[in-house]
Amino acid sequence: MTSRLPHPLRNTLQRRLCLDGGLSTTLENLGADLSHGSLWSARLLRDNPDLIVRVHQSFLEAGADVIGSATYQCSLEKMMEEFGVEKPQAEQYIRLGVRLAKQAVSEYRRKSGRDAFVAAALGSYGAVLADGSEYRGNYGVSCAQIERIHTERVRCVLLESPDLVAFETIPDSDEVRTILRLMEANFSDTPFWVSLQCQSESKLADGSNLDTISAYIKELAPTSMVALGVNCVHPELVRPVIERIRSGLGSNTQILTMCYPNSGEVWEEGWKHVEGKTPSPEEWSNIVVRSGADIVGGCCRTTTSHIRLLRELLY
């Protein structure tokens, strides 16, 4: 397994990496109400930043090697609208998300002696819209608009020097290409990964062919791309998607594979456990490890219990 990441994260990637789990789920389990407005867990950047740090630390204690910042649903426009602030203050709130993750890692490192890393989490354009379109794609807007939103966010989080940028739940092939071109043209020295939202083992959520994304990445050969994978899908889907990605990228690639599925619960006006379809945390962790992905973790509805079990199986 190889990577173009700078030291020291490069050395860490000589083994499989464990990500954190569901930030919002864990915040809600600790009493946070994330139902107001459209910022989701990012609302706590203003209302309760200490709780965000507490959750980051709980995932580190469970064994996570990488912590994702509480910036998934952020954009400057949304922060300005929801918080009633001007652009400079909105930028500060987004930057705070990265600083809180770095604070949690720094404190954990001092206590445990174990290193960990911060991924600046940036959801898809659909996640910024907060209307569920990160699970559909086909936004009906120009690539220039998508690029503008992503550019503003990347520039903002990079002011706090995260270890990498994580583009998450990307459902739309045009958006994937826009992100790849953007990073290669303007941020080619910034390590990043792209995690897709898929409706099947061969199709993104917008219905486009997954193989065309792998082919585009092979052609573009983005300088600092760390990994390609999938997140917030049913755990049973991750193995066939990872196998498809690995086949599409070819054996000579330096790009790693990654997955962080949801718990397997079903959304029906609220998350619901479905007998026979929702795996236990023990079953979930085994499924994720068997995916064969280089970087693994959890997304919506996964907890520190899931990540602790996953870490035990990995190491």
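Colleague: Quick question: what am I supposed to make of the pairing of strand S4 (residues 164-170) here?
Modeller: The side chains of a regular strand alternate, first on one face of the sheet and then on the other. In terms of residue burial, S4 counts as a mostly covered element, since seven of its seven residues are buried. Bridge analysis of strand S3 (residues 117-123) against S4 gives five bridges, and the strand direction is parallel. Of the residues in S4, the one forming a bridge with Gly-123 is Glu-168. Bridging between S4 and strand S5 (residues 192-196) involves four bridges; their strand directions are parallel.

Colleague: Whenever I open this one, the pairing of strand S7 (residues 256-260) confuses me. Can you help?
Modeller: Burial within S7 is extensive, with five of its five residues counted as buried. Side chains Leu-256, Met-258 and Tyr-260 of S7 all project onto a buried face; the interleaved residues Thr-257 and Cys-259 project onto the opposite face, where all are buried too. Between the parallel elements strand S6 (residues 225-231) and S7, the chain passes through helix H11 (residues 235-249) in a crossover that is right-handed. Direction of pairing for S7 relative to strand S10 (residues 295-296): parallel, over a ladder of two bridges. If you follow Cys-259 over to S10, its bridge partner there is Val-296.

Colleague: Mind showing me how you'd approach H11 here?
Modeller: At 3.6 residues per turn, the α-helix brings residues three or four places apart onto the same side. Across its 15 residues, H11 extends 22 Å between first and last C-alpha, which sits within 8% of the 21 Å expected from 1.5 Å per residue. Residues of H11 that are buried sit in contact with helix H10 (210-220), S6, S7 and helix H12 (281-290).

Colleague: Sorry, what's going on with the side chain of Thr-169 here?
Modeller: Within the secondary structure layout, Thr-169 lies in strand S4. Discounting chain neighbours no more than four positions away, the residues touching Thr-169 are Tyr-72, Ser-124, Glu-134, Tyr-135, Ser-195, Leu-196, Gln-197 and Asn-231.

Colleague: Can you walk me through the side chain of His-306 in this structure?
Modeller: Assignment of secondary structure puts His-306 in helix H13 (residues 304-314). Of note is the side chain of His-306, whose polar atom sits 3.1 Å from the backbone nitrogen of Thr-303. With residues up to four places along the chain from it excluded, the contact list for His-306 reads Ser-263, Pro-281, Trp-284, Ser-285 and Arg-301.

Colleague: So what exactly am I meant to see when it comes to the sheet that holds S10 here?
Modeller: Neighbouring strands of a sheet are bound in pairs by backbone hydrogen bonds; such pairs are parallel or else antiparallel. Across the sheet, which stays open at both edges, the eight strands sit in the order S1-S10-S7-S6-S5-S4-S3-S2 with parallel pairing between neighbours. Edge positions in the open sheet fall to strand S1 (17-18) and strand S2 (66-68), since each of these has one partner strand only. Sheet analysis places S6 next to S7, joined by five bridges and oriented parallel. By the bridge assignment for S7, Leu-228 is matched with Thr-257. Across the face of the sheet, H11 comes into contact with S6 and S7 while running at roughly 160° to S7.

Colleague: I keep staring at the packing of helix H4 (residues 49-62) against helix H6 (residues 87-112) and nothing clicks. Help me out?
Modeller: Each pair of packed helices can be described by the angle between their axes along with the distance between the axes. For the pair H4 and H6, the least separation of the axes is 9 Å and the interaxial angle reads 45°. Regarding the angle of H4 to H6, the classification is oblique. As for how H4 packs across H6, the hand of that crossing is right-handed. From H4, Pro-49, Ile-52, Val-53, His-56, Gln-57, Leu-60 and Glu-61 reach across to H6, where they touch Leu-100, Ala-101, Gln-103, Ala-104, Val-105, Glu-107, Tyr-108 and Lys-111. Here the residues of the contact of H4 with H6 are counted per class, giving nine nonpolar, three polar and three charged.

Colleague: Is there a simple way to explain the packing of aromatic side chains in this structure?
Modeller: Each aromatic ring pair is described using two quantities: the centre-to-centre distance and the angle formed by the ring planes. Tallied over the entire structure, the rule returns four aromatic pairs. A centroid spacing of 5.8 Å and a plane angle of 65° characterise the contact between Trp-40 and Tyr-72, whose relative ring orientation is edge-to-face. Placement of the pair is Trp-40 in the loop between helix H2 (23-29) and helix H3 (44-47) and Tyr-72 in the loop between S2 and helix H5 (76-83), with a sequence separation of 32 residues. Classification of Trp-40 by relative accessible area gives partly exposed; the value is 27%. The class of Tyr-72 is buried, set by a relative accessible area of 11%. Over the ring of Tyr-216 we find Arg-177; its NZ or CZ atom is 5.5 Å from the centre of that ring.

Criteria and thresholds
- Residues numbered from 1 in each chain as written.
- Predicted model: local features only at pLDDT ≥ 70, side-chain atom pairs only at ≥ 80, totals over all residues.
- Heavy atoms only, no water.
- Buried < 20%, exposed > 50% of the residue type's maximum accessible area, 1.4 Å probe, protein only.
- Helix = DSSP H or I, 4+ residues; strand = E, 2+ residues; numbered from the N terminus.
- Pairing = 2+ DSSP bridges.
- Right-handed = clockwise from strand over helix to strand, strands pointing away.
- Expected span 1.5 Å × (residues − 1).
- Contact = heavy atoms within 4.5 Å.
- Polar contact = N/O pair within 3.5 Å; in protein donor to acceptor, adjacent residues only side chain to side chain.
- Axes fitted to C-alpha atoms, helices over the stretch in contact; angles between N-to-C directions.
- Parallel < 35°, antiparallel > 145°, perpendicular 65-115°, else oblique.
- Left-handed = near helix turned anticlockwise from the far one by under 90°.
- Nonpolar A, V, L, I, M, F, W, Y, C, P; charged D, E, K, R; others polar.
- Phe/Tyr/Trp six-rings, centres within 6.5 Å; stacked < 30°, edge-to-face > 60°.
- Lys NZ or Arg CZ within 6 Å of the ring centre and 35° of its normal.

In short, shape yes, function no, at least from these values alone.
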